[in-house]
Each structure stands twice: as structure tokens, then as C-alpha cells.
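Residue-level listing of the chains:
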Amino acid sequence: MSEMVRRQNLPPMSRRAHSALVAVAEETQVERASSRAISAVADGAMAEVAYLKRTQMELEKACPDASEALALIANSAAMAIARNVNRFGQEIGG
């Protein structure tokens with residue numbers, strides 16, 4: 001039988017159980033931090049794409065003849081942003 005660990009205001013538990021509990025708590029913290037990071041990057045990317053689309057509309061109003069070229073540029077940039085966010089999520093998420 002493994003040694004017992006005394007805990008303040010809680011019943012004692014084995015060292016093995018305590019170790020497992022600490023490992024789970026640390027892994028949970030890492031997962032939460034990773035989720036927050038991915039969420040923050042995704043939020044930032046959505047804001048950038050929204051800004052890009054607003055700029056596209058303003059430029060199309062100023063120069064209607066360039067609307068196809070502006071749409072191509074904006075859509076290409078939005079796809080690049082989406083790919084970068086996806087790559088970040090894969091790298092952080094494991």
C-alpha cells in the first residue's frame with residue numbers, strides 16, 4: 001500500500017492518487033490555456049477579415065471597375081488568414 005498524504009481540511013489520500021490528481025489538474029490548465037489561445041487568434045482573425053471586407057467595399061465604391069480584382073484580393077487574403085488560424089489551431093491543439 002502506498003504512503004498516505006495528509007491534506008488540510010480534507011481526508012488523506014494515497015501518494016499515487018495525489019500524483020494522478022496533480023497531473024490531471026496540470027493537463028487541464030494546459031488545455032484551457034490552449035483553448036483560450038485558439039479562441040483569441042480566431043477572434044482576431046475574424047476582426048481582420050471583417051476589416052478587409054469593409055475596406056473592399058469602400059474601394060469598390062471609389063472604383064467600381066476594379067470590383068472583381070478587389071474581390072479576388074480580399075478573398076485570397078481571407079483564405080490565407082483562415083489557413084493560418086487553422087495551422088495555429090493544429091499546432092497548439094496537438
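Residues numbered from 1 in each chain as written. Predicted model: local features only at pLDDT ≥ 70, side-chain atom pairs only at ≥ 80, totals over all residues. Heavy atoms only, no water.

Asker: Describe the overall build of the protein, with residues and values.
Answerer: In terms of regular secondary structure, the protein is built from two helices and two strands. In the protein, the succession of α and β elements from N to C terminus is β-β-α-α. The C-alpha radius of gyration of the protein comes to 25 Å, more than 25% above the 12 Å expected for a compact globule of 94 residues. The C-alpha extent of the protein, read off along each of the three principal axes, is 80 × 25 × 5 Å. Burial statistics for the protein: of 94 residues in total, 11% are counted as buried. Across the protein, every contact between residues at least 6 apart in sequence was considered, and the portion connecting residues at least 24 apart equals 38%. Carbon and sulfur atoms provide 59% of the accessible area of the protein, an area that totals close to 7,500 Å². Across the protein, the mean location of the 11 positive side-chain charges is 13 Å away from that of the 11 negative side-chain charges. (Helix = DSSP H or I, 4+ residues; strand = E, 2+ residues; numbered from the N terminus. Rg over C-alpha atoms; globule rule 2.2 N^0.38 Å. Buried < 20%, exposed > 50% of the residue type's maximum accessible area, 1.4 Å probe, protein only. Contact = heavy atoms within 4.5 Å. Areas by Shrake-Rupley, 256 points an atom, 1.4 Å probe, with all protein chains shown as cover. Lys, Arg positive; Asp, Glu negative; His and termini not counted. Charge placed at Lys NZ, Arg CZ, Asp CG, Glu CD.)

Asker: Before we move on, could you go through helix α1 (residues 15–62) and cite the residues and values that matter?
Answerer: Think of an α-helix as turning once every 3.6 residues; residues three or four places apart then point the same way. Given a rise of 1.5 Å per residue, 48 residues ought to cover 70 Å, and the 71 Å separating the end C-alpha atoms of α1 matches this to within 8%. Taken residue by residue, α1 has Ser 34, Ala 45 and Gln 56 as its buried positions. (Expected span 1.5 Å × (residues − 1).)

Asker: Give me the packing of α1 against helix α2 (residues 67–93): which residues, what numbers.
Answerer: Put simply, α1 and α2 touch, their axes get as near as 10 Å, and they point 175° apart. Relative to α2, the element α1 is oriented roughly antiparallel. Here the residues of the contact of α1 with α2 are counted per class, giving 17 nonpolar, six polar and three charged. (Axes fitted to C-alpha atoms, helices over the stretch in contact; angles between N-to-C directions. Parallel < 35°, antiparallel > 145°, perpendicular 65-115°, else oblique. Nonpolar A, V, L, I, M, F, W, Y, C, P; charged D, E, K, R; others polar.)

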